[in-house]
Amino acid sequence: MVLLKVKFDQKKRVKLAQGLWLMNWLSVLAGIIIFSLGLFLKIELRKRSDVMNNSESHFVPNSLIGMGMLSCVFNSLAGKICYDALDPTKYAKWKPWLKPYLAICVLFNIALFLVSLCCFLMRGSLESTLAYGLKNGMKYYRDTDTPGRCFMKKTIDMLQIEFKCCGNNGFRDWFEIQWISNRYLDFSSKEVKDRIKSNVDGRYLVDGVPFSCCNPSSPRPCIQYQLTNNSAHYSYDHQTEELNLWVHGCRAALLTYYSSLMNSMGVVTLLVWLFEVTITIGLRYLHTALESVSNPEDAECESEGWLLEKSVVETWKAFLESLKKLGKSNQVDAQGEDAGQAPEAG
């Protein structure tokens, strides 16, 4: 039973080929857009690679770049096929390759759909890598004299200023680490000695935050030290008064930023996928309509185009049987090779 059969005359076949030619070149532009989006996302992730734990987050941009390049190649080729379909002599050279090409197009559409899903599902992996990476970055904030880490202070400060955030989950994260280098501590001071002795690990911990946590929109001058000591500041209560610091943590701010980017890219990729599926269906109709022409010499004769020669269930069964036959043929070949080697061994 033929699925979704449509009748075509010469005029309809020409219009279908011309329409597909135009759609394929539009899809080439869509492929360039996907490639550009993947490149942009990769650059944005590279900018903050110092506060990310691993390179798993680059899977999505790398996939978008790859799919964009493949889209340009496949649709350029399909545009050439549709253009040559109007000339029987030129179409003859493409005829043996159309079925394999359509099968590759189906696989490409499946891969493109999976990549679009990955754009929406990457949030969980990104959240874990940001949490661990930011935590490590904050630990190395004070290492301005250590080779390989001297840039971390600037990276964290610029990050907090740009995204209006403070710490990993909040400003209190800075209370748990020593973010002031020993180089700038006066060890002859009693206060410094007492703070270091009071800590089990011998670290200099303070209830303060770096300057980049300060909110310039606050009317009060920035209070970044002794944040929990009400007596240290005039008319100040840290529990009731709104602090003049960024309230949100950088993990949530970065996660929101990258999630919105990838969600937008996922929507664009889904739209391109729908466009690619439409082109593949159109190519299938053009292929079958040209194949079923009863008299190739009569250009005006009618023909029939279809999506599948059989029903979906029958097509799936035929596909599984072909896979089984392929597996059996491979086993027979392997047994033949073993039998040929046995007499030589004897």
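Quick caveat, the model's predicted, so the values are computed rather than measured.

1. Topic: the overall build of the chain
Counting secondary structure elements, the chain contains nine helices and two strands. When its helices and strands are written in sequence order, the chain yields β-α-α-α-α-α-α-α-α-β-α. Each of the 346 residues in the chain was classed as buried or not, and the buried ones make up 39%. Taking as baseline every contact in the chain between residues at least 6 positions apart, the subset at least 24 positions apart corresponds to 73%. About 20300 Å² of surface is accessible on the chain, with carbon and sulfur atoms providing 61% of the total.

2. Some thoughts on the packing of aromatic side chains
Evaluated as defined, the whole model comprises ten aromatic pairs. Ring geometry for Phe-74 versus Phe-108: centroids 5.4 Å apart, planes at 85 degrees, classification edge-to-face. Linking Phe-74 in helix 2 (residues 59-84) with Phe-108 in helix 4 (residues 98-121), this pair joins segments that are 34 residues apart in sequence. Among the residues examined, Phe-74 registers a relative accessible area of 18% and is labelled buried. With relative accessibility at 6%, the residue Phe-108 sits in the buried group. Taken together, a centroid distance of 5.3 Å and an interplanar angle of 70 degrees make the contact between Phe-163 and Tyr-257 edge-to-face. Pair noted here: Phe-163 is in helix 6 (residues 152-163) and Tyr-257 is in helix 8 (residues 250-291), with a separation of 94 residues, a long-range link. For Tyr-257, a relative accessible area of 26% translates into the label partly exposed. An aromatic cluster is present here, built from Tyr-141, Trp-174, Trp-179 and Tyr-225 joined pairwise through their rings.

3. A closer look at the UniProt feature "transmembrane region" (unreviewed entry) in the chain
In the UniProt entry, the feature "transmembrane region" (unreviewed entry) is given for residues 20-41, 62-81 and 101-122. In this annotation, residues 62-81 is assigned 100% helix and 0% strand; the end-to-end C-alpha distance for the span is 29 Å. Counting secondary structure, residues 101-122 comes out at 95% helix and 0% strand; the distance between its end C-alpha atoms is 31 Å.

4. Focus on empty space enclosed by the protein
One pass over the structure, following the stated rule, counts two cavities of 30 Å³ or more. Lining the largest cavity, in full, are Phe-74, Asn-75, Ala-78, Tyr-101, Cys-105, Phe-108, Asn-109, Glu-276, Ile-279, Thr-280 and Leu-283. Those elements giving two or more residues to the lining of the largest cavity turn out to be helix 2, helix 4 and helix 8. Here the residues of the lining of the largest cavity are counted per class, giving seven nonpolar, three polar and one charged. When its volume is computed, the second largest cavity comes out at roughly 30 Å³.

5. A look at the environment of Asn-75
Within the secondary structure, Asn-75 sits in helix 2. Among residues more than four places away in sequence, those in contact with Asn-75 are Asn-24, Ser-27, Val-28, Tyr-101, Glu-276 and Ile-279.

The rules behind these values
Residues numbered from 1 in each chain as written. Predicted model: local features only at pLDDT ≥ 70, side-chain atom pairs only at ≥ 80, totals over all residues. Heavy atoms only, no water. Helix = DSSP H or I, 4+ residues; strand = E, 2+ residues; numbered from the N terminus. Buried < 20%, exposed > 50% of the residue type's maximum accessible area, 1.4 Å probe, protein only. Contact = heavy atoms within 4.5 Å. Areas by Shrake-Rupley, 256 points an atom, 1.4 Å probe, with all protein chains shown as cover. Phe/Tyr/Trp six-rings, centres within 6.5 Å; stacked < 30°, edge-to-face > 60°. UniProt positions renumbered as here; feature names shortened; annotations may be inferred. 1 Å grid on protein atoms, 1.4 Å probe; cavity = no way out; pocket = protein on both sides within 12 Å on 5 of 7 lines; lining within 4 Å. Points joined across faces, edges and corners; volume = space filled by probe spheres on them. Nonpolar A, V, L, I, M, F, W, Y, C, P; charged D, E, K, R; others polar.

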